[in-house]
Amino acid sequence: YELEEPHSRMMAPSFGAIALTVLMAYPLNVFPCRYTLDVILSRSAANWSSSPSSAGFGPTPIPPRRRALLTLLITGASLLIALFVPGINIVFQLMGGTASAFVCFILPAAFAWHYDLPEVRSRAGKLACASLFLVGCAVSVLSTTVTLAEMASTRPPPPAPPSRLHHPLFDDRHDSHHHYDSYYG
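Residues numbered from 1 in each chain as written. Predicted model: local features only at pLDDT ≥ 70, side-chain atom pairs only at ≥ 80, totals over all residues. Heavy atoms only, no water.

**Q** Hey, could you run me through the packing of aromatic side chains in this one?
**A** Geometrically, a pair of aromatic rings is defined through the distance of the ring centres and the angle of the planes. The tally for this structure, following the rule as stated, stands at one aromatic pair. On the basis of an interplanar angle of 35° and a centroid distance of 6.4 Å, the ring pair of Phe111 and Tyr115 is categorised as tilted. By relative accessible area, which is 47% here, Phe111 ends up partly exposed. (Phe/Tyr/Trp six-rings, centres within 6.5 Å; stacked < 30°, edge-to-face > 60°. Buried < 20%, exposed > 50% of the residue type's maximum accessible area, 1.4 Å probe, protein only.)

**Q** Just checking my understanding: could you explain the side chain of Asp38 for this structure?
**A** Relative to the assigned elements, Asp38 resides in helix H1 (residues 6–42). Residue Asp38 is classed as buried on the basis of its relative accessible area, which comes to 0%. (Helix = DSSP H or I, 4+ residues; strand = E, 2+ residues; numbered from the N terminus.)

**Q** Any chance you could explain the pattern of salt bridges here in plain terms?
**A** Across all of its chains, the model carries two salt bridges by this definition. Across the salt bridge formed by Asp38 and Arg66, the nearest N and O atoms sit 2.9 Å from each other. Here Arg66 lies in helix H2 (residues 64–84) and Asp38 lies in helix H1, a separation of 28 residues in the sequence. Assessed through its relative accessible area of 30%, Arg66 is described here as partly exposed. Note that Arg121 is salt-bridged to Asp116, the shortest N-O span being 3.5 Å. Among the residues examined, Asp116 registers a relative accessible area of 38% and is labelled partly exposed. (Salt bridge = Lys/Arg side-chain N within 4 Å of Asp/Glu carboxyl O.)

**Q** Where do I start with unusual backbone geometry in this structure?
**A** Note: most peptide bonds trans; most residues except glycine with negative phi. Here the phi dihedral of Asp116 falls at roughly 50°; this positive angle occurs in a residue that is not glycine. For Asp116, the location among the structural elements is in the loop between helix H3 (88–114) and helix H4 (123–153).

This is the structure we're talking about:
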C-alpha cells in the first residue's frame, strides 16, 4: 500500500485500526471454536465437572497437548482459507448463506420439533415444521453451491488495453514510424 498520495495517508489510520481489530478479535474467535471442536471430537456435552474448578463450576479443562493441536488445526485452516480464497466476499457469501439458513429455517424448526410446541402437535403443524426444515436445508445447500460455482468460474480479469493517449504506437504528436521502430525493436 502506497502512502504517497494525500488520500492514502488519510486512510492509513483506518487500515491500522482494522488490523488492530482483527489482531485482537482473532483469539476471541479461536477460544469457542477450540472448545466446540474438543466437545465434538473427544467429549460429550454431559461431561461437565461436578467439582468446583478455579473459575467455579464449568467444563473440565482441555489437556495442553490437545489444546495445542486444536489451536494449530484452527489457525492452519484459517491460514489456508486466507491464502486460497480469492476475496473476503466469498467468505461472507458462504457464511451468510449457511448461517442465515440455519438461523431462519433449520434451528426454529428443530427447536419446535424438539420441544413439542403446541403448533407442531397436529399433522399440519408437523408437515409445516418438516417443510421449514427441508426448505432451510435446500437454501443452505443451494447458496453454498452457487457461491462455490461462482468462485470456480471466476477468472482474473484480462489486462486493460493500453491507453490510446500514452501508447507509443498511437501517439500523434511525433513521427509514428519512429515510435514503432523504438517500441518493437
